[in-house]
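# Inside the fold
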Amino acid sequence: MLSLVVLISGGGSNLRALLEATADADFPARVVAVGSDTDAPGLEHAEAFGVPSFTVVPTAFADRAAWGDELLAQVEAWSPDLVVCAGFMRILPPRFVAALSPNLINTHPALLPAFPGAHAVRDALAAGVTQTGVTVHIVDEGVDTGPVLVQQAVEVLPGDTEHELHERIKTVERALLVAAVRDIATTAEGVRP
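As a starting point, this report considers the structure included with it. (Residues numbered from 1 in each chain as written. Predicted model: local features only at pLDDT ≥ 70, side-chain atom pairs only at ≥ 80, totals over all residues. Heavy atoms only, no water.)

Let us now look at unusual backbone geometry. Pro 102 follows Ser 101 through a cis peptide bond whose omega is 15°. Inspection of the secondary structure assignment puts Pro 102 in the loop between helix H4 (94-100) and strand S5 (104-108). Going from Leu 112 to Pro 113, the amide bond is cis rather than trans, its omega being 15°. Inspection of the secondary structure assignment puts Pro 113 in the loop between S5 and helix H5 (120-127). Residues other than glycine seldom take positive phi values, yet Ser 79 does so here, at roughly 45°. Looking at where Ser 79 falls in the secondary structure, it is placed in the loop between helix H3 (64-76) and strand S4 (82-85). Of note in this structure, Phe 115 is not a glycine but carries a positive phi near 60°. In this fold, Phe 115 is placed in the loop between S5 and H5. (Helix = DSSP H or I, 4+ residues; strand = E, 2+ residues; numbered from the N terminus.)

Once that is clear, we can look at the pairing of S5. Counting buried positions along S5 yields five of five residues, so the element is predominantly enclosed. Burial along S5 is two-sided: Leu 104, Asn 106 and His 108 facing one way and Ile 105 and Thr 107 facing the other are all buried. Pairing of S4 with S5, which is carried by three bridges, proceeds in the parallel orientation. Residue Val 83 lies in a different strand from S5, and its bridge partner there is Leu 104. Read as a crossover between parallel neighbours, the route from S4 over H4 to S5 is right-handed. Pairing between S5 and strand S6 (residues 131-138): four bridges, direction antiparallel. Its bridge partner lying in S6, His 108 is registered against Thr 135. (Buried < 20%, exposed > 50% of the residue type's maximum accessible area, 1.4 Å probe, protein only. Pairing = 2+ DSSP bridges. Right-handed = clockwise from strand over helix to strand, strands pointing away.)

If you want it as structure tokens, here you go:
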């Protein structure tokens, strides 16, 4: 059984999808804790499923490295097999990444390497592409540059707003993340590239 710590920054729809999937006794993974960098509304999902949570706010620390060290200590306290960044909107410090990667994955609302960074949906629309999508990838020290585990395309419809496109992407993202975690849990090698 694969143990997961999930990191979030917002509403937690990807977290909710994982919690619902892992509530099934046949699913080969369990969420053991949820962490956040803010008082995220998505922490309510952890509470609803009886999963412990923790918050490590960056502004409480002298610098990014100190914040990352505390976040790492909180994560490692749960001895997870896999850490999932599911809408976690901060770049993780190098020591955090080095300690956990390649067992540290992220979802991204684009077909990487296209449109990395925090505004992928807006950037895809601005570029006028006819398709974008979702990527689940291993986190490395770059911004959305780690090895791709799985991707799925999402069509950009004429007249799409950023919100409309992002909502369609999120639907695909939730299912793709659950499938990726299932695959990792049932593959002997885990996520090691």
